[in-house]
Amino acid sequence: MKAAIIFFSATGNTRRIADLLADRLRYRDWRVLLTPVDEAQISDVREADLVLLGSPAWSGERVVDPLKDFVCDAREWLRGKKVAFFGSYDWGEDRHFDALTAELRESGIEVRDAPCVTNAREGLPGPEAADAFLLDLTAQACTD
Ligand SMILES: Cc1cc2nc3c(=O)[nH]c(=O)nc-3n(C[C@H](O)[C@H](O)[C@H](O)COP(=O)(O)O)c2cc1C
């Protein structure tokens, strides 16, 4: 099975979560394409069974524009795949994926309920938390 992990990270927090998720998927023998959003191609999504999309919260609890733009461009290719968000925030309320999640669901794209989100001041999630986040995504992807 193949996963695409596509992320934006200005100061490294979201990138570290991306690296952790990639490690945990590789540990389960998944093939992983890990790429910053400015280098990502639509074909990365097209070829994946599972798509993980990462962004920090920026400017009033929003996903950064480069990731949002990529998601809009790739929207048709997300249909029928497992899709989940991950990322980092600081002073906000941990809701920055809500609007984009609702938008994708309105177009019939299935998005995991709880994103993997951590507060920048609390450090990375541990491997157990990453595994718990991935568990249903990988199990469902395998049985489709
Ligand atoms: C321009 C800018 C806007 C931000 N806006 C928010 C915000 O609205 N809410 C919040 O909780 N954190 C906000 N932050 C903090 C980042 O979400 C936080 O530092 C995050 O860990 C950065 O992730 P990164 O290291 O992957 O870039 C903002 C940071 C920057 C640089």
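Just so it is clear, the model here is predicted, and its values are computed rather than measured. (Residues numbered from 1 in each chain as written. Predicted model: local features only at pLDDT ≥ 70, side-chain atom pairs only at ≥ 80, totals over all residues.)

Undergrad: Is there a simple way to explain the overall build of the chain in this structure?
TA: Helix and strand content of the chain: five helices and six strands. Its helices and strands in sequence order give the chain the pattern β-α-β-α-β-β-α-β-α-β-α, from N to C terminus. Its C-alpha radius of gyration of 14 Å places the chain within 12% of the 15 Å reference for a compact globule of 144 residues. The C-alpha extent of the chain, read off along each of the three principal axes, is 40 × 30 × 25 Å. The long-range fraction of contacts in the chain, counting pairs at least 24 apart against all pairs at least 6 apart in sequence, stands at 81%. (Helix = DSSP H or I, 4+ residues; strand = E, 2+ residues; numbered from the N terminus. Rg over C-alpha atoms; globule rule 2.2 N^0.38 Å. Contact = placed C-beta atoms within 7 Å.)

Undergrad: Please explain the nonpolar core as it appears in this structure.
TA: The tendency in soluble globular proteins is for nonpolar side chains to be buried side by side. Of all hydrophobic cores here, the largest spans 42 residues; its most connected members are Ile 5, Leu 21, Val 51 and Leu 52. Apart from the residues lying within four places of it in its own chain, the contact partners of Leu 21 are Ile 5, Leu 52, Phe 86, Ala 130 and Leu 134. (Core = buried A, V, L, I, M, F, W, Y, C linked by C-beta atoms within 7 Å. Buried ≥ 20, exposed ≤ 12 C-beta atoms within 10 Å, placed from the backbone.)

Undergrad: Before we go on, may I ask you to explain the site of the ligand in this structure?
TA: Taken together, 19 residues lie around the ligand, and Ser 9, Asn 13, Thr 14, Pro 56 and Gly 92 are the ones closest in. Breaking the shell around the ligand down by element, the ones donating at least two residues are α1 (13–27), β3 (50–58) and β5 (82–89). Its residues assigned to classes, the shell around the ligand shows seven nonpolar, nine polar and three charged. (Near = placed C-beta within 6 Å. Nonpolar A, V, L, I, M, F, W, Y, C, P; charged D, E, K, R; others polar.)

Undergrad: Quick question: what am I supposed to make of helix α4 (residues 98–106) here?
TA: Helical geometry note: an α-helix holds 3.6 residues per turn, so side chains three or four residues apart project in the same direction. The set of residues buried in α4 consists of Leu 100, Thr 101 and Leu 104. Relative to the axis of α4, the buried residues are bounded by an arc of 100° and lie together on one face. Residues Ala 102, Arg 105 and Glu 106 are exposed on α4 and point more than 90 degrees away from its buried face. Positive phi shows up at Gly 108, right after α4, with a value of about 85°. (Arc of directions from axis to C-beta.)

Undergrad: Would you mind going over the environment of Ala 114 with me for this structure?
TA: Positionally, Ala 114 belongs in the loop between α4 and β6 (116–119). Considered as a pair, Ala 114 and Pro 56 are 58 residues apart in the sequence and their alpha carbons are 15 Å apart.

Undergrad: I'm lost on the pairing of β3 in this one. Help?
TA: In the case of a regular strand, side chains alternate between the two sheet surfaces. Among the nine residues of β3, eight are classified as buried, and the element is accordingly described as predominantly covered. Inspection of the sheet shows strand β1 (residues 2–7) paired to β3 by five bridges, in the parallel sense. Across the sheet, residue Phe 7 finds its bridge partner in β3, namely Gly 54. As defined by bridge partners, β3 adjoins β5 across seven bridges and the pair is classed as parallel. Looking at β5, one finds that Gly 54 is bridged to Phe 86. In this sheet, strand β4 (residues 62–63) lies alongside β3 in antiparallel orientation, the contact comprising two bridges. Note on β4: the bridge partner recorded for Trp 58 is Arg 62. (Pairing = 2+ DSSP bridges.)

Undergrad: Any chance you could explain unusual backbone geometry here in plain terms?
TA: Trans is the common state for peptide bonds, and a negative phi is the common state for residues other than glycine. Although it is not a glycine, Asp 29 sits at a positive phi angle of roughly 70°. A tally of 7 C-beta atoms within 10 Å means that Asp 29 is categorised as exposed. We note that Glu 61 has phi near 65°; this positive angle belongs to a residue other than glycine. Assignment of secondary structure puts Glu 61 in the loop between β3 and β4. Judged by C-beta crowding, with 16 C-beta atoms within 10 Å, Glu 61 ranks as partly exposed.

Keep in mind these numbers describe shape, not what the thing actually does.
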